[in-house]
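Breakdown of the fold
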Amino acid sequence: MSGEEEENAAELKIGEEFLKAKCLMNCEVSIILEHKYEQLQHMADGDPSSQVSQVFEKSLQYVKRFSRYKNPDAVRQVRETLSRYGLAEFELCTIGNLCPDTSDEASALVPSLRSGGRFVGDPGSEKIDKMLNDLSLIKKFE
């Protein structure tokens with residue numbers, strides 16, 4: 001076995017390249033793919049041979065179906081709100097995609113919230129609840 005540490009998402013040990021990567025929430029991917037789809041449709045008007053691939057269409061359907069936020073302004077607000085809490089990209093996207101209702105649910109879905117020392121104990125639960133409340137307000141006024 002090599003000297004490398006074993007990866008463990010619960011402790012945010014997910015590999016150096018993944019920690020540095022920019023993750024996107026489903027709602028962000030949906031906006032990007034919608035824009036690309038419109039471009040492709042516009043280009044295809046004059047050229048029937050340039051069709052959108054089935055994989056592209058299925059990917060677009062998937063992210064639209066599982067996007068919790070539809071409005072581009074709400075999507076931007078979600079990212080900004082979660083970024084203020086010092087979440088890693090992986091955590092931010094998981095919380096943004098799954099939209100847990102309680103701090104216990106958030107901690108179960110993203111165990112690294114507790115293991116990093118940022119959200120430990122009762123004050124940590126209160127911070128997570130505040131973060132989730134901020135998200136629910138965005139959803140409510142979307």
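Residues numbered from 1 in each chain as written. Predicted model: local features only at pLDDT ≥ 70, side-chain atom pairs only at ≥ 80, totals over all residues. Heavy atoms only, no water.

Under an unreviewed UniProt entry, the name given to the chain is RNA polymerase Rpb4/RPC9 core domain-containing protein, and the organism recorded is Leersia perrieri. Within the UniProt record for the chain, the comment given under Sequence similarities (unreviewed entry) is "Belongs to the eukaryotic RPB4 RNA polymerase subunit family." (UniProt positions renumbered as here; feature names shortened; annotations may be inferred.)

The full count for this structure, using the stated rule, is two aromatic pairs. Geometrically, the ring pair formed by Tyr 37 and Phe 56 is stacked, given 6.4 Å between the ring centres and 10° between the ring planes. Placement of the pair is Tyr 37 in helix H2 (residues 26-44) and Phe 56 in helix H3 (residues 54-66), with a sequence separation of 19 residues. Looking at Tyr 37, the relative accessible area reads 24%, which means it is partly exposed. (Phe/Tyr/Trp six-rings, centres within 6.5 Å; stacked < 30°, edge-to-face > 60°. Helix = DSSP H or I, 4+ residues; strand = E, 2+ residues; numbered from the N terminus. Buried < 20%, exposed > 50% of the residue type's maximum accessible area, 1.4 Å probe, protein only.)

Below, the discussion takes up the packing of helix H4 (residues 72-84) against helix H5 (residues 89-98). Contact geometry of H4 with H5 gives a least axis separation of 10 Å together with a crossing angle of 130°. When the axes of H4 and H5 are compared, the pair comes out oblique. Considering how the two elements wind past one another, H4 and H5 form a crossing that is right-handed. Facing H4, whose interface residues are Arg 79, Leu 82 and Ser 83, H5 presents Glu 89, Leu 92, Cys 93, Ile 95 and Gly 96. When grouped by side-chain class, the residues that make up the contact of H4 with H5 number four nonpolar, two polar and two charged. (Axes fitted to C-alpha atoms, helices over the stretch in contact; angles between N-to-C directions. Parallel < 35°, antiparallel > 145°, perpendicular 65-115°, else oblique. Left-handed = near helix turned anticlockwise from the far one by under 90°. Contact = heavy atoms within 4.5 Å. Nonpolar A, V, L, I, M, F, W, Y, C, P; charged D, E, K, R; others polar.)

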